[in-house]
Amino acid sequence: MKIVVSVENAGVIDEVVEYNPTFIEIRLDRMEGDLLEQVRTIREKTAIPLIATLRSREEGGRFVGDADLWVRIIGPIARYVDFVDVEARYRDHAPFIKGEGVQILASLHTSEMPTLPELGKIEGMLRSYGDIPKIVVKPRTRDDLFDLITFTHRAQKPICTSIMGAEFRYARAILPLFGSEFTFCHAGTPTAEGQYHIREMRQIANLLK
């Protein structure tokens, strides 16, 4: 299980590194101050692969700028990270990001529950510009969750799937068993509702082996 720890404060990086996650996601949209300097600081403190995420308000984050502002912020940061999360709304800038030598986590977050055919179309769209599609949805019922698990199991790999909200938070631990590339956790301050602490996720993963 590849565990990603999401952080919103460069000051906690020493503690996060002690947990030795597979990846560290830097939630730029939840940070204040000089973002580039904070990313540099994190990079200097660890060789753990980094994901830079500037999540839009429309998809559950705090960034409210347009695509041009997004790339002006992300552009200088890209050279210090290993992945950049690129929402579909910013995909026109994907070639530039790729040109910086980093991989793209092509993401879509929705508070809806797409059907299986719709999930397939979303995957194809994200794969058209990114290296790994990340699809985050909001199941309303167990049948919805079964559909998400089925889609994850059958989808081309690599792929990352997850859920929004706390109602089906256990899906965060189950989906990797069916092929989801990553599971996102926290190390003290959740950056999304329903996230597990990395200690909890590791305990669950060990029990499910």
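This text gives an overview of the structure that appears in the document. (Residues numbered from 1 in each chain as written. Predicted model: local features only at pLDDT ≥ 70, side-chain atom pairs only at ≥ 80, totals over all residues. Heavy atoms only, no water.)

Quick word on the overall build of the chain
- The number of helices and strands found in the chain is eight helices and eight strands.
- Taking 17 Å as the expected radius of gyration for a compact globule of 209 residues, we find that the chain reaches 16 Å, a close match to that expectation.
- Overall, the C-alpha framework of the chain stretches about 45 × 35 × 25 Å when taken along its three principal axes.
- Across the chain, every contact between residues at least 6 apart in sequence was considered, and the portion connecting residues at least 24 apart equals 61%.
- Charged side chains of the chain number 27 positive and 30 negative; the gap between the two group centres comes to 3 Å. (Helix = DSSP H or I, 4+ residues; strand = E, 2+ residues; numbered from the N terminus. Rg over C-alpha atoms; globule rule 2.2 N^0.38 Å. Contact = heavy atoms within 4.5 Å. Lys, Arg positive; Asp, Glu negative; His and termini not counted. Charge placed at Lys NZ, Arg CZ, Asp CG, Glu CD.)

Here's the deal with the pattern of salt bridges
- For the structure on display, the rule yields 12 salt bridges.
- Across the pair Arg-89 and Glu-87 runs a salt bridge whose closest N-O atoms are separated by 2.9 Å.
- Among the residues examined, Arg-89 registers a relative accessible area of 38% and is labelled partly exposed.
- Taken together, the salt bridges that share partners define one network made up of Arg-55, Glu-59, Asp-85, Glu-87 and Arg-89. (Salt bridge = Lys/Arg side-chain N within 4 Å of Asp/Glu carboxyl O. Buried < 20%, exposed > 50% of the residue type's maximum accessible area, 1.4 Å probe, protein only.)

Let's talk about helix α8 (residues 198–208)
- Among the residues making up α8, those that are buried are Ile-198, Met-201 and Ala-205. Projected down its long axis, α8 shows its buried positions confined to an angular sector of 60 degrees, all on one face. Projecting away from the buried face of α8 at angles above 90 degrees are the exposed residues Gln-203 and Leu-207.
- On its buried face, α8 sits against β1 (2–7), α1 (13–19), α7 (171–174) and β8 (182–185). (Arc of directions from axis to C-beta.)

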